[in-house]
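Observations on the model geometry
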Amino acid sequence: MNAIACKAVLFDLDGTLVDSGACIETLWAEWANRHHLDVDYVLANIHGRTIEETLRIVSPYFDNPQCVDEVKTLAIEALSQVGAITGAVELVRQLPPQCWAIVTSGAKKVSMQSMISAGIPRPHMMITSEDIVHSKPHPEPYLMAAAGFGLPVQKCVIFEDAISGVNSALAAGGQVIVIGNGVPISSPQIKATVADLSSFKAEFIDGIIHLSW
């Protein structure tokens with residue numbers, strides 16, 4: 001058995017708590033086809049990025065509020081069908097509500113839809129694309145979440161699945177657990193790579209969260 005102690009737990013959302021990867025790729029492919037774009041190129045630039053960043057990378061032509069709203073509408077509709085990553089709901093329900101947060105590159109309205117669909121309870125703190133200046137892989141999102149708890153990020157465990165998110169967590173200085181097939185990153189800060197959250201248990205003792213798996 002492995003174990004780690006911390007004061008707060010920070011979760012990415014898509015691919016970490018919510019099994020939305022295929023859904024997100026489908027909606028972006030639909031958007032790309034609508035605009036006669038190279039689907040593969042668009043899909044290569046979506047993971048771990050805000051909608052605004054992806055549109056900016058695809059072309060400055062799409063960097064406008066109308067296109068952002070178009071993608072958000074597609075996303076809200078698509079994400080109404082998603083489920084939770086195995087073990088996600090059970091794990092977050094073991095954590096004190098005041099000790100965990102979601103840190104996502106997604107827009108708030110879109111992220112709330114995926115949480116509702118997957119049955120993920122809303123945490124007391126949620127950092128979304130509207131709250132930050134610099135998105136992942138910049139450390140700002142995780143530094144902001146840790147500061148919201150009044151903690152150094154080194155006292156937090158961060159769950160992530162995407163390369164940009166893992167790099168954000170590492171740059172912030174957190175302890176990282178990678179969900180999914182793994183990322184091609186090596187660091188002593190990465191404490192484990194796991195398929196899902198089904199093996200995790202959490203205990204809260206004297207203000208400390210004890211995670212085991």
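Throughout what follows, the structure given in this document is the object of discussion. (Residues numbered from 1 in each chain as written. Predicted model: local features only at pLDDT ≥ 70, side-chain atom pairs only at ≥ 80, totals over all residues. Heavy atoms only, no water.)

Let's shift gears to helix α6 (residues 108–118). By the burial criterion, the buried members of α6 are Val 110, Ser 111, Met 112, Ser 114, Met 115 and Ala 118. Those residues of α6 that are buried lie in contact with β3 (18–19), α4 (65–78), β4 (83–84), α5 (88–94), β5 (100–103) and β6 (125–127). Gly 119 sits one or two residues past α6 and shows a positive phi near 80 degrees. (Buried < 20%, exposed > 50% of the residue type's maximum accessible area, 1.4 Å probe, protein only. Helix = DSSP H or I, 4+ residues; strand = E, 2+ residues; numbered from the N terminus. Contact = heavy atoms within 4.5 Å.)

Bringing the sheet that holds strand β11 (residues 208–212) into the picture now. Ordered by their spatial adjacency, three strands build an open sheet running β1-β11-β10, and the pairing between neighbours is antiparallel. Either end of the sheet is taken by a strand with one partner, and the two such strands are β1 (3–6) and β10 (201–205). Pairs of neighbouring strands in the sheet enclose a mean axial angle of 20 degrees, with direction left out of account. Where β10 meets β11, five bridges bridge the pair, whose relative direction is antiparallel. Residue Ala 202 lies in a different strand from β11, and its bridge partner there is Leu 211. (Pairing = 2+ DSSP bridges. Axes fitted to C-alpha atoms, helices over the stretch in contact; angles between N-to-C directions.)

This part is about the packing of helix α1 (residues 21–34) against α4. Put simply, α1 and α4 touch, their axes get as near as 10 Å, and they point 140 degrees apart. Comparing the axis directions of α1 and α4 gives the class oblique. Between α1 and α4 the crossing geometry is right-handed. Between α1, through Cys 23, Leu 27, Trp 28, Glu 30, Trp 31 and Arg 34, and α4, the contact on the second element is made entirely by Glu 70, Val 71, Leu 74, Ala 75 and Ala 78. Within the contact of α1 with α4, the residues separate by chemical class into eight nonpolar, no polar and three charged. (Parallel < 35°, antiparallel > 145°, perpendicular 65-115°, else oblique. Left-handed = near helix turned anticlockwise from the far one by under 90°. Nonpolar A, V, L, I, M, F, W, Y, C, P; charged D, E, K, R; others polar.)

Per the counting criterion, the structure on display carries five salt bridges. A salt bridge links Lys 136 to Asp 12, with the shortest nitrogen-to-oxygen separation between them at 3.0 Å. With Lys 136 in the loop between β6 and α7 (140–148) and Asp 12 in the loop between β2 (8–11) and β3, this residue pair connects regions lying 124 residues apart in the sequence. On the basis of relative accessibility, which here comes to 6%, the residue Asp 12 falls in the buried class. Between Glu 160 and Lys 136 there is a salt bridge; the shortest N-O distance is 2.8 Å. With Glu 160 in strand β7 (residues 156–160) and Lys 136 in the loop between β6 and α7, this pair connects stretches of sequence that are 24 residues apart. By the burial criterion, Glu 160 is buried, and Lys 136 matches it. (Salt bridge = Lys/Arg side-chain N within 4 Å of Asp/Glu carboxyl O.)

Shape is all these values report; function is a separate question.
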